[in-house]
Amino acid sequence: MYNRPLSPHITIYKPQASSLFSIWHRISGLFLTFLMVFFLISSQLLLFITNSKDILNGLIMQLEVSFVFQFIYIFNISIFFYHIINGFKHIIWDLGFFINQKFLFLFVLFTCFFIFLTILLLL
Amino acid sequence: MFNTNWFLLRLVTFFILGGVLLDLEMLIFLIGFLFLHVSLGLKTILNDYIHIKKIKIILLILIRISSIEISRYILELLL
């Protein structure tokens, strides 16, 4: 198996942009996995609960209008796009290009701007 | 560092991204790639953070079983 070096005490470091973005990448990946499983099980449950198509339609329409559903939808889409953009950064850094401070700064600005734009467009 | 798992984990993402951005029906066609990405990522996280060997092997087997089960679940839902 892999035997990567791991820092013994992660709490003694100051929070840096690169390390924080890497940690959030893993957390968002786990979150997206759980989200996918939850979505599949809940959609299957909705299909089994309703015995006619009209009830299912009404339930889905009520869900789409509600504030909680809208909030969860926008939150998840923004997390998904964060995972995509940060994954691109990881691929670029794995290939060995742009490992410097200026690219990191521009990348952080771009990520924040893009996620802000996504939230604004979906509202 | 450079092995098949490393390469697949990054290669598959381009197909998933194309599926999401161009057409969601393509994502349904490529859903196996998504599960490959999920299971490889979960295995990497497990290998990094869990160092007791017995627990690690048990959890790796559980991840494999659950990823197969979830893909079966999607097929059941769509068919």
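Everything numeric in this text was worked out from a predicted model, so none of it was measured. (Residues numbered from 1 in each chain as written. Chains lettered and ligands numbered in written order. Predicted model: local features only at pLDDT ≥ 70, side-chain atom pairs only at ≥ 80, totals over all residues. Heavy atoms only, no water.)

### Here we look at the overall build of chain A
When helices and strands are tallied, chain A shows four helices and zero strands. For chain A, the N- to C-terminal ordering of α and β elements is α-α-α-α. For 123 residues, the compact-globule estimate of 2.2 N^0.38 gives 14 Å, and chain A exceeds it by more than 25% at 19 Å. Considered along the principal axes of its C-alpha atoms, chain A spans approximately 60 × 40 × 30 Å. The burial tally for chain A puts 25% of its 123 residues in the buried class. Sequence-distant contacts in chain A: of pairs separated by 6 or more residues, those separated by 24 or more amount to 71%. (Helix = DSSP H or I, 4+ residues; strand = E, 2+ residues; numbered from the N terminus. Rg over C-alpha atoms; globule rule 2.2 N^0.38 Å. Buried < 20%, exposed > 50% of the residue type's maximum accessible area, 1.4 Å probe, protein only. Contact = heavy atoms within 4.5 Å.)

### Topic: the interface of chain A and chain B
Across the contact, 21 residues belong to chain A and 26 residues belong to chain B. Contact between chain A and chain B buries roughly 2200 Å² in total, counting both sides, with carbon and sulfur atoms accounting for 72%. Applying the counting criterion to the chain A and chain B interface returns two salt bridges. Ionic pairing is found between Arg26 of chain A and Asp48 of chain B, a salt bridge with its closest N-O pair at 3.0 Å. Our enumeration of links across chain A and chain B arrives at three residue pairs in polar contact (both at pLDDT 80 or more). (Buried area = accessible area lost by both parts, 1.4 Å probe. Salt bridge = Lys/Arg side-chain N within 4 Å of Asp/Glu carboxyl O. Polar contact = N/O pair within 3.5 Å; in protein donor to acceptor, adjacent residues only side chain to side chain.)

### Structural notes on unusual backbone geometry
Backbone geometry at Phe98 of chain A places phi at a positive 55°, although glycine is not the residue there. You can see Phe98 of chain A is positioned in the loop between α3 (67-95) and α4 (101-122).

Keep in mind that these numbers describe shape and distance, not what the molecule does.
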